Amino acid sequence: MPGHPLKVPAAHQVLAVLGYLARQAGPVPAAAITRDLELPRSTTYQLLTTLAESGYVVHLADERRYSLGVAAYELGTGYVRQAPLQRIARVPLGRLVDRTGDTAHLAVLHGREVVYVIEERAPGRPPLVTDVGVRLPAHLTASGRAMLAALPAAQIRALFPQPDAFVTRNDSGPRSLSALRRLLVETRRRGYAVEDGEVTPGFVSVAVAVLDHARYPIASVATTFPRHPTAAHHDERVDEVKRTARAIAHRVGGRAAE
């Protein structure tokens, strides 16, 4: 009828399941979803199966539990991944280049890849593979590692379910889930991510994730510079990248990874 919006029960149920999973501290069993949302058991499993097929839900078979999938994460952060994020980040990124003299870039996570959305090239520095629009394997880049380190373990398992998910460049980088986990543990301990020659031989990158209000990584700030025999000014570079990540996070109501 005019003036009355059409209600689609299945759509409301899908949104209810996604909203419920988003509010949980971790993966939950289907029985909890059925109970808390007062859904028929068969309906719950039908919804979860459909959502899992489209990537919005991950079924952790060993635990018999369900959690949000990568597609739900991408949908939830889609707004800040697009033009608003680029407009917000461009000035802080330019200041990072001015302070360090290194090329800086902003990347977002898309599945198992990072997509570079801004590159601010330092004067006199050569072009890098991190041009706008370029996609690279997340587990090989500092930008990707910074964001992966901020994701729950269940999402890491969902992103890298098989050994063939670990592509390499220059014959380096983690080649198994256990190796990636060790690298991400070290990244969290250190407070920033590092990539040394795994993308471009002779160049090092350091990166820090930008987290939203729910502590999910919406982007990462990185700077890339030629490898030198000494690590002069390395700490200063890291401090500047963290400072830039905090500035961008503040503008989107989030925080930088620590």
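Above this text sits the structure in question.
First things first, this report covers the structure right here in the doc. Because the structure is a prediction, the values reported are computed rather than measured.

Conventions used here
- Residues numbered from 1 in each chain as written.
- Predicted model: local features only at pLDDT ≥ 70, side-chain atom pairs only at ≥ 80, totals over all residues.
- Heavy atoms only, no water.
- Phe/Tyr/Trp six-rings, centres within 6.5 Å; stacked < 30°, edge-to-face > 60°.
- Buried < 20%, exposed > 50% of the residue type's maximum accessible area, 1.4 Å probe, protein only.
- Lys NZ or Arg CZ within 6 Å of the ring centre and 35° of its normal.
- Salt bridge = Lys/Arg side-chain N within 4 Å of Asp/Glu carboxyl O.
- Helix = DSSP H or I, 4+ residues; strand = E, 2+ residues; numbered from the N terminus.

**Looking at the packing of aromatic side chains**
Throughout the structure, instances matching the rule amount to 1 aromatic pair. Aromatic pair F160 and F166: ring centres 5.0 Å apart, planes at 25°, arrangement stacked. When sorted by exposure, F160 lands in the same class as F166, which is buried. In this arrangement the basic side chain of R190 is found over the ring face of Y192, its NZ or CZ atom lying 5.3 Å from the centre. Sitting over the face of the ring of F225, R237 holds its NZ or CZ atom 3.8 Å from the ring centroid.

**Considering the pattern of salt bridges**
Applying the stated criterion across every chain yields a total of 12 salt bridges. For D102, the salt bridge goes to R125, with nearest N and O atoms at 3.1 Å. Remark: R125 occurs in the loop between β4 (113-120) and β5 (135-137) and D102 occurs in the loop between α6 (83-100) and β3 (103-110); sequence separation between them is 23 residues. Judged by its relative accessible area of 0%, D102 is buried. Classification of R125 by relative accessible area gives partly exposed; the value is 25%. Residue R237 is joined to D102 by a salt bridge in which the shortest nitrogen-to-oxygen separation is 2.5 Å. Residue R237 is located in helix α10 (residues 234-251), and its partner D102 is located in the loop between α6 and β3; the two are separated by 135 residues in the primary sequence. The structure contains a network of salt bridges with shared partners spanning R99, E240 and R243.

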